[in-house]
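If you want the building blocks of each chain, they are given just below.
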Amino acid sequence: IPPRLSQNGYNHLGDGVQSNGLLWIPVEDPQYKRPLICQWNSTIDCIPLTSNRHAACVAVWQHTAYIPLDFSTAEIHGYSLSDGSQTRNITLPYRIRHIQGCQFTHGILWLLADFIHGSNLIAYDMLANRLFIQVALIPGAYSSEFEGIFVTHVSDHCQRISFGQILYGILSLRRSVVLCFA
């Protein structure tokens, strides 16, 4: 953690995302009272997340950073990357517990949570404003706690499985989940 942030009490970097050539990383303090989203560049420009209590991950879509309100929540808050103002908020139909990762692909917000509380892979369609996929990944096949999500197209890292299983591949790499699409 850069000295400027650690000297101000920040001690945790959440799951970041690269968007339009810029790296965005959420940053937290130990009391979860002053979360930030920072553009990681030579100056590390940060935006305070005024209504968030937690900043485990960030997903960027249409110049807006989407961040779960808390570690366990049904609220996803959107912040403008240009001025930090709160923009569009999403309310999911139920609370997701222990959110560990989030990422966008083609207007779909993917959320990954620990599997101790039912469905832990959730996809929200931003254009249709509805939950798209809810999947419970198999307990025991993965570590006890996930640490992020990466969504990509089919590559050397993914193997095709039945289309009837909705996803072409799910595999665990060092407590992260990789989703692969054809």
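Quick summary incoming for the structure in this document. As the structure is a prediction and not an experimental result, all values here were calculated from the model. (Residues numbered from 1 in each chain as written. Predicted model: local features only at pLDDT ≥ 70, side-chain atom pairs only at ≥ 80, totals over all residues. Heavy atoms only, no water.)

Turning our attention to the sheet that holds strand 10 (residues 99-105). Backbone hydrogen bonds are what pair the strands of a sheet, in a parallel or an antiparallel way. Spatially, 10-11-12-13 is the arrangement adopted by the four strands of the open sheet, whose pairing is antiparallel. Two strands close off the open sheet at either side, each with one partner strand: strand 10 and strand 13 (130-135). Strand-to-strand, the axes of this sheet are offset by a mean angle of 20°, without reference to chain direction. Relative to strand 11 (residues 108-113), strand 10 runs antiparallel, the two being bridged by six bridges. Pairing of Phe 104 across the sheet is with Leu 109, part of strand 11. (Pairing = 2+ DSSP bridges. Helix = DSSP H or I, 4+ residues; strand = E, 2+ residues; numbered from the N terminus. Axes fitted to C-alpha atoms, helices over the stretch in contact; angles between N-to-C directions.)

This part takes up the pairing of strand 11. When a strand is regular, its side chains alternate between the sheet's two faces. The element strand 11 is largely enclosed, with a buried count of six among its six residues. In strand 11, alternate side chains face the same way, and those of Ile 108, Trp 110 and Leu 112 on one face and Leu 109, Leu 111 and Ala 113 on the other are all buried. Between strand 10 and strand 11, which pair antiparallel one after the other, the connecting turn spans two residues, and His 106 there sits at a positive phi close to 50°. The sheet contact formed by strand 11 and strand 12 (residues 121-125) spans five bridges and is antiparallel. Within strand 12, the position partnered with Leu 109 by the bridge is Tyr 124. (Buried < 20%, exposed > 50% of the residue type's maximum accessible area, 1.4 Å probe, protein only.)

We now examine the side chain of Asp 125. Tracing the sequence through the fold places Asp 125 in strand 12. Buried and unpaired, Asp 125 has Arg 130 as its nearest opposite-charge partner, separated by 4.6 Å. A distance of 2.9 Å separates the side chain of Asp 125 from the backbone nitrogen of Leu 127, its partner in a polar contact. Side-chain polar atoms of Asp 125 contact the backbone nitrogen of Ala 128, separated by 3.1 Å. For Asp 125, the residues in contact, after removing those within four places along its chain, are Gly 107, Ile 108, Arg 130 and Phe 132. (Lys, Arg positive; Asp, Glu negative; His and termini not counted. Salt bridge = Lys/Arg side-chain N within 4 Å of Asp/Glu carboxyl O. Polar contact = N/O pair within 3.5 Å; in protein donor to acceptor, adjacent residues only side chain to side chain. Contact = heavy atoms within 4.5 Å.)

Here we take up unusual backbone geometry. In terms of backbone geometry, most residues other than glycine have negative phi values and most peptide bonds are trans. You will see that Tyr 32, though not glycine, has its phi angle at about 55°, which is positive. Relative to the assigned elements, Tyr 32 resides in the loop between strand 3 (22-28) and strand 4 (36-40). Its identity is not glycine, yet His 63 carries a phi of approximately 55°, on the positive side. Turning to its location among the elements, His 63 is positioned in the loop between strand 6 (59-61) and strand 7 (64-68).

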